[in-house]
Structure formats: structure tokens, C-alpha cells
Protein chains: 4
Amino acid sequence: MTMNKFTFDPLIIVNFKTYSEATGKRAVDLAKKIAEIGNKTGVKVGVAPQFCDLIQVVTQVSVPVFAQHVDALPAGAFTGHISIESVKATGATGSLLNHSERTIKLSDIQKAIIRCRESGLLTVVCAAEVESAAAVSVLEPDMVAIEPPELIGTGRAVSKERPDIIANSVKSIRRVNPKIKILCGAGITTGDDVYTALKLGAEGFLIASGVAKAPDPGRVMSDFCAAANRFTETSG
Amino acid sequence: MTMNKFTFDPLIIVNFKTYSEATGKRAVDLAKKIAEIGNKTGVKVGVAPQFCDLIQVVTQVSVPVFAQHVDALPAGAFTGHISIESVKATGATGSLLNHSERTIKLSDIQKAIIRCRESGLLTVVCAAEVESAAAVSVLEPDMVAIEPPELIGTGRAVSKERPDIIANSVKSIRRVNPKIKILCGAGITTGDDVYTALKLGAEGFLIASGVAKAPDPGRVMSDFCAAANRFTETSG
Amino acid sequence: MTMNKFTFDPLIIVNFKTYSEATGKRAVDLAKKIAEIGNKTGVKVGVAPQFCDLIQVVTQVSVPVFAQHVDALPAGAFTGHISIESVKATGATGSLLNHSERTIKLSDIQKAIIRCRESGLLTVVCAAEVESAAAVSVLEPDMVAIEPPELIGTGRAVSKERPDIIANSVKSIRRVNPKIKILCGAGITTGDDVYTALKLGAEGFLIASGVAKAPDPGRVMSDFCAAANRFTETSG
Amino acid sequence: MTMNKFTFDPLIIVNFKTYSEATGKRAVDLAKKIAEIGNKTGVKVGVAPQFCDLIQVVTQVSVPVFAQHVDALPAGAFTGHISIESVKATGATGSLLNHSERTIKLSDIQKAIIRCRESGLLTVVCAAEVESAAAVSVLEPDMVAIEPPELIGTGRAVSKERPDIIANSVKSIRRVNPKIKILCGAGITTGDDVYTALKLGAEGFLIASGVAKAPDPGRVMSDFCAAANRFTETSG
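So, here is what we can say about the structure in this document. (Residues numbered from 1 in each chain as written. Chains lettered and ligands numbered in written order. Predicted model: local features only at pLDDT ≥ 70, side-chain atom pairs only at ≥ 80, totals over all residues.)

## Some remarks on the relation of the copies chain B and chain D
Then comes step 1: At an RMSD of 0.0 Å, chain B and chain D line up after a rotation of 180 degrees and a shift of 0.0 Å along the axis. Look at the turn and shift together and you get a two-fold axis relating the two. Within chain B, lysine 105 of chain B has its C-alpha nearest the rotation axis, a separation of 1.9 Å.
Then comes step 2: A share of 100% of the interface residues of chain B reappears at the interface of chain D, consistent with the copies meeting face to face through the same patch. (Least-squares fit on C-alpha atoms with pLDDT ≥ 70 in both. Contact = placed C-beta atoms within 7 Å.)

Listed below in C-alpha cells is the structure:
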């Protein structure tokens, strides 16, 4: 399933990181559960499994699939790197870039965005705070995801703990790039966190442990999607 | 196909790098050709495709498959990294480490060797010259591959241009580790290169462009395997 | 000599890189020559010697001195890194950041700018092309330096070969940051190159081999400063 | 003061890291105190200040001075790097390499050792545990320093907490390199720690917070040197 045109409907991407719970066959199972809830609720969802699991998820699950990183390199003699061509060949939809656990050089963000665009891959560039989020937006990725690293994996939601970060990011980003889709993440664990973030101007989410390590990932995704729908209805 | 026990028969591993010719479906096709010639000639062969292609090659081709790199990390919050668990889950046999195009810190080589061993993955640690090859051999990987970077991809074979490197490496490595399997690479393009390297004490090969970018990779592999058999017979 | 307030007069910073011609005692000699010509012509000049040479240049030469890089780290247990505190303690005026030969992560650019500002050090963030130059300008460094790496050290001046890069950068940067000082570099070897770049909107220069490796660095600096003065007079 | 020939007398090197207490003028003061105690007790001592402080310490204090890191690069276009030539030009005696806070690639350790040797700089290569310590010893640096990172800065001495690491390292290192000088570090805070480590086969120490962040660094150094002399006498 491709996703070449984003409306500004909420989007929820689940980052599988290198969690055991989301590796190998379990990556496929988790992606299926997420896709199913997306279908049921009508909310746009996506998944970001590990490189080794990309093709299995793409071929077995009808959901947009993102790599967690790509190297800004052409095909060639680059042993051990993640070529954009190899990610594209799996049928993936796009890639995360510059996640706080895999930060990259500014010059590589810029090159990766350009090369992904040429290859038809969407880019979601992560940033840790307001200024960096605005800076990367200048490079015109498809989406930017703001994730304060100090809240990642804590269960303390960015929308509750640091609503200013979301509100200010939206303001700063819009000043330099009116078209980019703005995601947020870090500590999102309840439907209320989702609702609040959307009210603050976020247009989507990059979520990891909140779903992937939840005792019942399906229930959490259902909460998130219900909250997204609630927001869409009230704001529509 | 697993390869848990090496005899000291020659082994030929083909590194697919991030070559277009060996990405996606073409990775599977190339691996099939290599496996077929290994079967026909009775020479041990292996392949090292890109991460995104590992599972396809493992499930469709009966040949030992190596990742090109792994990160020495446990499962967890390591977005964008290559977890050993994800490589293991593909059914791969092992991994290259520290290739000259993906050199890593000494401490990471050490951790990766230990974690791969615990996970049942074989390790092939690459080194650029005699001293480094001996140094990494102290860390007890399963195999070491000596590849002078200045000859990689040149078609000027290390066994012809710098036979001293192979001979000295074998001597230096054996002094610190009598059990490790010693591979060599860089510039190997003919059966004669293979034969000479085996005479100098190499026990196998890590080869990339010589096969993967050859007009007829099957013919080149056949030459290499024939040379390996010629050596085994005369030295037997 | 400190330089806490920039007017938008042309500024010429000479980057000593790790050139033998500009190491140790020769760093001090070269800095003296550059300072002397700055004084004589009334053009603002600065130098960026190696870390080990900073204090010698600062104490012996009356010229603004820039480090070539700093690590965005607090004081503490960071063996082998370049602490901002250690650079500040030499009496230096500021630091280059993200030079194409020492690119850093976006998050580190952001932290380094903030910490340098807190320590009273000026920042000159380098960028390879238009988009990156605009992106880093969002982070509000004091200066940005655009240097197409493919022209660095070639003697083919960016102002002649790629005038569009300077003109477009000025436009893109001004859109996101009206106050930043815009330097350019790469291949500048004659007074004409300097004059053209200033006409295109550059407000200064980051120059390396053009001066440091010239047979007569003093003569080249004199040419550059004369061209800067010629521009200031005609545009005044 | 140069130190071109080591006897196997105990040697104590104090690593200043990027501690505020050991930056700028305070680096010189601390080095003077350490040198004074070395002179008084007749124990060989050395210091490893930050790059920006090297020349001040070398010219004002009569003690062997080590850089905390060098880049394995020739002179040239390497903005922001630590050239061996620039370190040598300060008059320094040598350099640490691969400290656990500044780990480097195996290939860079190897190149740096060779280039330092050519430049007349001594090398102290750090390693985190037994196997890595033995591996780097194959590369023939002048000294190796074993520092379990989990004990660094804890005040829990490696000689007390993990005596096996010192004893096993000495055994493993001697097997591959009988001439290298073996230092140890991490958590050393008392004369007893020093004495025990020497009995276990260590020939010197790389110490940081134990001295640099002590309320009375001179008193701690006196204790260490007294313990070293006590050992030398009883073992002589």
C-alpha cells in the first residue's frame, strides 16, 4: 500500500525500534494488528520495523511501511550501509531520518531527503526540540517529528509535560515551511495525550514503546485512533 | 543452510555491498547462481547481501548467508540500528564486521564478536593489513579477512600485487590464534589469483566486485571454485 | 582582541586547517602577517588556527581568533574532546562549526551554538549548499559560511564558478534570518573573486589554502583587503 | 622534559579530561603540583591536559605531557582535527589513544600508533577489558592502559573490585607483547589501590578524577607515589 499524497488527517506511525517484541515474525504480527485497527477506525497508520523485517511486513501487511534510517549514499561499494535502493526495493513507503537514537550529520539529512524524493520515498525527519525542528523543515522533508529525547520511553507525554514544545514547534515550523506535516512523539500513552497534541497543532504521531511494548498494543492503538477521530470530528 | 562447523577447506564468500546488480530480486538471483556453482563444484561458498535482502536470500537459496555488519547492541531502544537479534531472526549464518567501508571501533568489534557467538552467528572480521589482522584475531572471531583497501575493486589481486601481505598475515595471525580461519580479498579476479592465495596460506576469500559486477558472475565463480579444487587436490 | 559586535563590513577569516605551513610557530607568524594587513587596510580579519596553537596566536597576535571546531559538551569526563571552556580559556573569539571536513550532527550544531553563546563565543557555522545554509541559519549562529566542498582548495572561486550558490544562499538565508552575517568560501584566490562575491551579497569570507598555502600569503591578503575596500567605497 | 626511554619503574599519568578544575591556568597549576611530587618522591609522573592547554603545560612545567587523543591524519586539509604535527609542535611527549570516552576505530588506532612512532611521540592505548587490551598490544604501542569503564570515576578501584582484570590482562598482554608497559586505571583513589595493582603486575597508572577532582590533589599524588616507592623497595 503506497501513500503518496498526505491529506492533513492525523497519521500515527509506530516505530518498532530494535525491540524484541517487534522483531522477525513478531514484527509482522504487530504490523498486522496496527493495520487492522487503522482499517477499522479509518485513521491513517504506518509502521517502522527494522531493516531485516521490512520486506516481510511490506509483503504481508497492507500498511505504509517506513525504514528507521537510510544512508545518503548511491548504489556502489558501501558494505554494511543502508542503501536507499535496497529500502525502495522492499516496497517501503518512506524512511525515518535523524531519530534521536540515530542522529546524523546535517549534510546527510539534506542528501537523504533529496535522494529519497528522487526515489519516491517519503521522509520523516526527527528533531529533538523547536529550533532543530524548524531548521530541518527548511530542507523540505515530507514530515518532521518532534521528540524531546528526555521524554522518550517515559510514559510522560510531551503533550502533557511540554505542551509549549509542540505549540512553539508548530509556530516555528510553519514560518519556514507551510506544507510540511508535523508529527510529535515521546511519552504518548493515552488517547488524551493524542487528543491534546492534535489540539496543539500536531498532525500526527511517531510512537514507539507506548504501542510496541504495551501489554495489549491493539487496545492502545484503538485508544489513539479513537482520540484522533474524536479530534477530527470536533474540529471538522 | 547452516554452517556451524568449518573444516579448513577453502571458503568463498561473495560480498554484495550495495551494488545495484545485487539488490532486491537481483540479490536472490545472484545468490542462486553462486549456490549452484558451489553445489556443482563441491566448494564451500557463502553470500553477504544487504540487510533488506537477507531474509529473501535465506529463505529462497540454500547457501550460508552473512550480514555485512551488525551493531553490538542488545534488543531495545536503538532506532535505525542493526540488531543482532534481527539478523539472527532472518536465519542468517553470520556477519561480516569492520569491513574497510564500514570500519568500527575496537570496543564494538569485541562486543559484536561476543554477542554474535552467544546468538550462534559466525563472525568474519575484516582488517586492512597484517598488524590489524593479527590484533583482531586475538578477539577470537571465527574468521578474519585481510583486504588491503587500496586494492579493493581494482582487479589487481592482493595475491599477485602484495603476496607478502597474505604470507605475513598468516604468520602473524597464527602466532596469536592457531584456530581462526583466514580469508583474503581485494582485486581477486581470476582462478590463478585464488590458487596463489591458497598457496600463500589463505583458507578462503571475501570477494565483491570480482563476482558481483562481472559480466558473467557464474563463469567467474566457476573459475574460482575450480582453482580451489585444484589447490585442494595438489595439496591433499 | 575581542570582536563582540559585528557591523556588516566585510570580514575575512583565514582557516589554517592542519596545514604544515600554519602549524606551531608558523601559525603565529602567519597570523601576524594577516593581522598586519588587516590593520594597514582597515579591513576586519580573523584567523582559525589549530587547537594546540590557539593560545599562542591569541597571546601574541592582535586579531580575532576562532577555533576550528568545538564539542557541544559541558566540562567533565570527556577525554579527548574539545571543551568550549578550554577554547574560551585561551581567549579565543569564537569557533567554526560543521566545516565540510568536520561535519557534525544537527543536534550538536544546535547545542554548540547555544553553549558558545552562553560562553561569549561567536559561532561560524559552515554549510555546503543553499538549503543547508538556510537550515542552519534558523539555529541563529552569528555567521554562516557557504562553501561548496567540490570547489574547496581548487582555486576555482565559488563567486566565479557558482555565483548562483552565493546569490541563492543570500536570498534563502535572509528569508529565515535577517541578522546573520553571511560568509562564503571555496576557491577564492584573487581580489576579483572577493569583489564579485561581495556584489552577490556575501558579507565576508572563510578562506584557507588561497592564503595559507600561497607562496606569498601577505600579498594575497593585501589583494583581498584592497578588493573589500574597493567594494565598500563603491557601494557606500 | 622528554621521556624517550621507559624503564619498568612505575609511572603515574594524570588525565585532566575536560574537567574545569584542570582547564586553562588551572591545568598549569595542577601539572606543577604533580611534577613537584614526582620530583620529591622520585616516581615517574606524567600529565594529559586538553589540547588547548598542552603548550602552556609543556613550556611551564617540567613533566612529560601527553595529549588525550590524536587523529591519524597527515598535515593537510583536515579542519577541526588534531594533527599529530600540531601535538608534536607543542613539545608533548606522547598521546593517549582510544580512551573509553574517545574510542576510535581499530584502523585509526593502528595508523595513529605508526604515525606517532614516526613523529617521536609515545602512545598509550586504552582498552576496556582483557581481550581488547591484548588485541591492541599486538599493534605495538608503547603502553597499554586497562580501564574498565564501569569503574571509571567511581572511586571503586579496579585493583580491589576486579583484580582478575589486571592479573588476566597482564597474562594475556605478555603473551602477545613482552615489551609493552602495562598501565591500569579506574577508581584508583588510595595508595593501597596503587600498591595492590603493582603487585598484580601493573607497571603504572592512568588516573583522572582520583587526583584531578580530589580536594587536595597533592596529598593524593603523594600517597600514590609513596605506595609506588614502597612497592619498588619491597620487590627490588
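## Considerations on the interface of chain B and chain D
Then comes step 1: Contact residues are listed per partner, giving 17 residues for chain B and 17 residues for chain D.
Then comes step 2: When contributions to the side of chain B that touches chain D are tallied by element, the ones reaching two or more residues are α4 (106-119) and α5 (130-137) of chain B.
Then comes step 3: Ranked by residues supplied to the side of chain B that touches chain D, first place goes to α5 of chain B with five residues.
Then comes step 4: Partitioning the side of chain B that touches chain D into residue classes produces ten nonpolar, five polar and two charged. (Helix = DSSP H or I, 4+ residues; strand = E, 2+ residues; numbered from the N terminus. Nonpolar A, V, L, I, M, F, W, Y, C, P; charged D, E, K, R; others polar.)

## A word on the relation of the copies chain D and chain C
Then comes step 1: In the superposition of chain D on chain C (RMSD 0.0 Å, axial shift 0.0 Å), the rotation amounts to 180 degrees.
Then comes step 2: When the interface residues of chain D are mapped onto chain C, 100% of them again lie at the interface, so the same face is used by both copies.

## Examining the sheet that holds strand β2 (residues 44-48) of chain B
All names here are of chain B.
Then comes step 1: A sheet is described by the order of its strands in space; here eight strands give the open sequence β2-β1-β8-β7-β6-β5-β4-β3, paired in parallel fashion. Edge positions in the sheet fall to β2 and β3 (66-67), since each has one partner strand and no second.
Then comes step 2: Where strand β1 (residues 11-15) and β2 come together, five bridges link them in parallel fashion. Bridged to leucine 11 within β2 is lysine 44. (Pairing = 2+ DSSP bridges.)

## Some thoughts on the sheet that holds strand β1 (residues 11-15) of chain C
Residues and elements named next belong to chain C.
Then comes step 1: Overall, parallel pairing links the eight strands, which are arranged β2-β1-β8-β7-β6-β5-β4-β3 in an open sheet. Of all the strands in the sheet, just β2 (44-48) and β3 (66-67) have a single pairing partner and so form its edges.
Then comes step 2: One ladder, built from three bridges, connects strand β7 (residues 181-185) with strand β8 (residues 204-207); its direction is parallel. Each bridged residue has a counterpart across the sheet, and for glycine 185 the counterpart in β8 is leucine 206.

## Observations regarding the interface of chain D and chain C
Interface size is commonly expressed as the accessible surface area that is lost when the partners come together.
Then comes step 1: Between chain D and chain C, the residue contacts involve 36 residues of the former and 36 residues of the latter.
Then comes step 2: Elements that contribute at least two residues to the side of chain D that touches chain C include exactly α2 (54-60) and α3 (84-89) of chain D.
Then comes step 3: The biggest single contributor to the side of chain D that touches chain C is α3 of chain D, with four residues.

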